[in-house]
Amino acid sequence: MVVSVFAGSMAFAGSAAAASDAPGSSVAQGPVEYTDGGNTYVEVVFDQAIDNSSNHYNYTVYDRSGGEVGTYYASNNGNDSVIRLDLGGDTDLNGEATLSVQNNSEHVANHTITTTSATVSHDGDRTTAYAGARVAVTNSTNNSEYEVSGKSNSYVRSFRLGSNSQVAVLDTSDLDDASDYHVNFSDGTSQTLEIRDLGLGITADNVTTEDDVKATVTANRYGRNVDVTLLKNGDEVNTTNGDLDSDAKSEFNLGSVDSTGTYTIEATDVATGITNETQITVKEPATGTVTYDKEYYTVNRGDIAAFTLDIENSDHAEFEIGDRNEDFFQANATVTDDDEDGQVTVYFNTFATNKNDEDYLTVDEDSSIEYDADNDAENSLSEPLATSGGYEVRSYVGSNAEDAEELAVTELTVEKRSTDAISSWIAPEDVDTTNVSTLTDGLTDRDTVAKGDNVVLKVEATGIFGAMDGKSELENVDNMTLTIAESGSNVEANTKADVTTPVNFSMMKDADNGSFYAIVDTQELNDTEGKALGEFNATFDLNGDYALASDGNETVSTTFTTEAAEMSLNNGDEKAFPQGEGTITGETNLAPGTEINVRAASSGKFRKNSKVTVGSDGMFEAAFDLGNYDNGTTFEAYVSSPDGFESDSKISGAIDSSVQDEPDDTTTTTSDEPDDTTTTSDEPDDTTTTTSDEPDDTTTTTSDEPDDTSTTSTTSTTTNDGGQPGFGVGIAIVALMGAALLALRREN
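Residues numbered from 1 in each chain as written. Predicted model: local features only at pLDDT ≥ 70, side-chain atom pairs only at ≥ 80, totals over all residues. Heavy atoms only, no water.

## Some points on the overall build of the chain
For step 1, the next point in the chain: When its secondary structure is counted, the chain shows 6 helices and 55 strands.
For step 2, the next point in the chain: Here the chain holds 748 residues, and 46% of them are scored as buried.
For step 3, the next point in the chain: Restricting the contact set of the chain to residue pairs at least 6 apart, pairs at least 24 apart contribute 63%.
For step 4, the next point in the chain: Carbon and sulfur atoms form 40% of the exposed surface of the chain, whose accessible area is close to 35,800 Å². (Helix = DSSP H or I, 4+ residues; strand = E, 2+ residues; numbered from the N terminus. Buried < 20%, exposed > 50% of the residue type's maximum accessible area, 1.4 Å probe, protein only. Contact = heavy atoms within 4.5 Å. Areas by Shrake-Rupley, 256 points an atom, 1.4 Å probe, with all protein chains shown as cover.)

The structure is reproduced here in structure tokens:
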């Protein structure tokens, strides 16, 4: 936008307004400024002829500020509608200019001059212009044609000069910068027009009504004269002018404003009319305060520091870290508490600070962040932020620290990083990986793992979590690998160890404690025989090309052994079960915490389930209530889930009323049977549901067997601190007696 200095018609002392139809009062084309042979000219085509003899008519040119450039007489002294004014070689009209037409002492009219930044002539040389500028095209022949073509002479557009004119104006707004165009004239001549990018830019910060509005204007060329205008709702509030400094950058002060709201700041390159704009928000002065959740902070180099800001009486705050003069690094941002809970957590990724990438500052999902435009342009780190005794961190509410009601200051210490250790743990197949806490609650420190369980590798290292940020898989992180290879006796003779890079493992990061966990399903491991049983070596390697690695690779290793999963009930012996409540003890090498379902079933009589959890010593106890069945009733007990253990774990049992089963004091049994309800048979035939009013003896039974078979489910968790599962001496004698009685009964 170019703002005209003149509003309405110009007024001159001693002059009278001419009639609206007087010669010179209206134009058919122009006026247009152009250059020829080093001089500046203005051509204007009036809509009727003017008698320029005896210098009755004179023409005064005023620049954009209203200053008089000079008064001229037409070079054609005859009666003509076209005049060309020679302004000489020292005149260069920029922006809007005005032509005042005078007939003797009578003022005829004012006409706005279209100024141009370059001229292409049919007999001239190569011309340069900025994209978006106006370019004059001239030919000594009236009404001649010209055509503009691009690369490989591709057609762009064609024009014709006016019937009485030798100049036209070419708008370059839609021409590509960094390109050459050809202006081809009808007389066969052609001239090159090079289009460049002026790169006019403007930035400004939000302010309060107590602050001055300041805008920074930049361009690809120093010394450009620029108008900077502050507008609200399209109306001019203030304007200023100046030249860009030697670094093609200058700050312009537009003063303060009284009212809040959104304002537009527009920069205009005077010579070309090229514009750019930005918007700011003006608010009332802030009265809020900011505090930190810690007195000071520490982080390992390459990791992510978290700052929690408590904000009062405001929904936003300024956050600054570092000092550009002392640390050669500084990051500024405005954070907003979008959910208005009074807190914003800012995450500072020290690994990304040399990447000219604003992602080194982020906030929690309930907040937002706006970066200072100078963050990347002013920082010049060649590697991630260095270790230091302290980087100052500042926060405040307001547009600048000096005017803030309270300035919160803390310090960030960046410490040396390291790669420390790796260890192996085991976890059930269905371990809870909701978060680190639920995962670690399900881990057992053991270096042997049953096939089907998870081996969990805990890698202890710092300075790696910035590189891992936003990545859920280690294979997507440069210069870090986790490999698993056969080792020890597991390696076949005269062969190399099978190496696996477990791309299917899940990764859980615990950056606060300098570690991450790789949860590897042992089913994913295979050796040459496809069994994956035996010793394996797990290695975490930080490649020497990692930006923060010490000299050479950093490697840590551990070993673990996989073995076939095993399961047994009552040591594989028959079970004499009391006629009432009792337990069946089991043992497995599956990971503690594994859920197991033990089933006791008697054909045609019952089918009961007991859900148990493997204890830390691999033991478990399944609880059943067989009080409703006859003494001597036989049954089978086995593990129905996990799959694959039914036949190996199956034992026989019999109800013996003389047996008293007293579970160990450390056993905790939980029944999943609802009160007062018995359900029999899943089969469509002979299915009945019975509801009892008795408070005790409540059973839920579900049967896959036909007829009168019932099933009961019970859940128990067992911790066994010692003792031998299965039969003791007394129980064995009773069991033998019970078997004898059962045989006698059958004979009868």
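## A few points about the sheet that holds strand E21 (residues 235–243)
For step 1, the next point in the chain: The strand order E18-E24-E23-E20-E21 describes an open sheet built from 5 strands, whose pairing is mixed. This sheet does not close on itself; its edge strands, each paired only once, are strand E18 (207–208) and E21.
For step 2, the next point in the chain: Direction of pairing for E18 relative to strand E24 (residues 275–283): parallel, over a ladder of 2 bridges. Across the sheet, Val207 pairs through a bridge with Val282, a residue of E24. (Pairing = 2+ DSSP bridges.)

## As for the sheet that holds strand E46 (residues 581–588)
For step 1, the next point in the chain: What the 3 strands build is an open sheet, ordered E44-E46-E49; its pairing is antiparallel. The sheet is open, and its two borders are formed by strand E44 (567–569) and strand E49 (619–625), each paired with just one other strand. Sheet twist, expressed as the average angle between the axes of neighbouring strands with direction ignored, equals 25°.
For step 2, the next point in the chain: Note: E46 against E49, 7 bridges, orientation antiparallel. Note on E49: the bridge partner recorded for Thr585 is Glu621. (Axes fitted to C-alpha atoms, helices over the stretch in contact; angles between N-to-C directions.)

## Brief notes about the nonpolar core
For step 1, the next point in the chain: Core analysis: the largest hydrophobic core is formed by 34 residues, its most contacted members being Leu457, Leu474, Met480 and Phe540.
For step 2, the next point in the chain: At the level of elements, strand E35 (419–427), strand E37 (454–461), helix H4 (465–468), strand E38 (480–486), strand E41 (515–521), strand E42 (534–542) and strand E43 (554–563) are the ones that each hand at least two residues to this core.
For step 3, the next point in the chain: The contact partners of Met480, leaving out residues within four places of it in the chain, are Ile464, Ala467, Met468, Leu474, Phe540, Asp541, Leu542 and Tyr546.
For step 4, the next point in the chain: In terms of nonpolar packing, the next biggest core, distinct from the first, is built from 30 residues, Val290, Phe319, Ala333 and Leu361 among them. (Core = buried A, V, L, I, M, F, W, Y, C linked by side-chain atoms within 4.5 Å.)

## Let's talk about a negative patch on the surface
For step 1, the next point in the chain: A surface patch of negative charge is lined by Asp315, Asp338, Asp339, Glu340, Asp341, Glu365 and Asp366.
For step 2, the next point in the chain: Tracing the backbone through its elements, the reader meets Asp315 in the loop between strand E27 (304–312) and strand E28 (316–321). (Patch = residues over 30% accessible without salt bridge, like charges linked within 9 Å, V, L, I, M, F, W, Y side chains within 5 Å. Salt bridge = Lys/Arg side-chain N within 4 Å of Asp/Glu carboxyl O. Lys, Arg positive; Asp, Glu negative; His and termini not counted. Charge placed at Lys NZ, Arg CZ, Asp CG, Glu CD.)

## Quick word on the confidence of the model for the chain
For step 1, the next point in the chain: Of all residues in the chain, 80% have pLDDT values of 70 or greater, and the mean over the chain is 82.
For step 2, the next point in the chain: Taken as a whole, residues 1–18 scores under 50 in pLDDT and shows 37 contacts with residues more than four places along the chain or in a different chain.
For step 3, the next point in the chain: Counted against residues more than four places away or in other chains, residues 664–748, with its pLDDT under 50, gives 156 contacts. (pLDDT = per-residue confidence, 0-100.)

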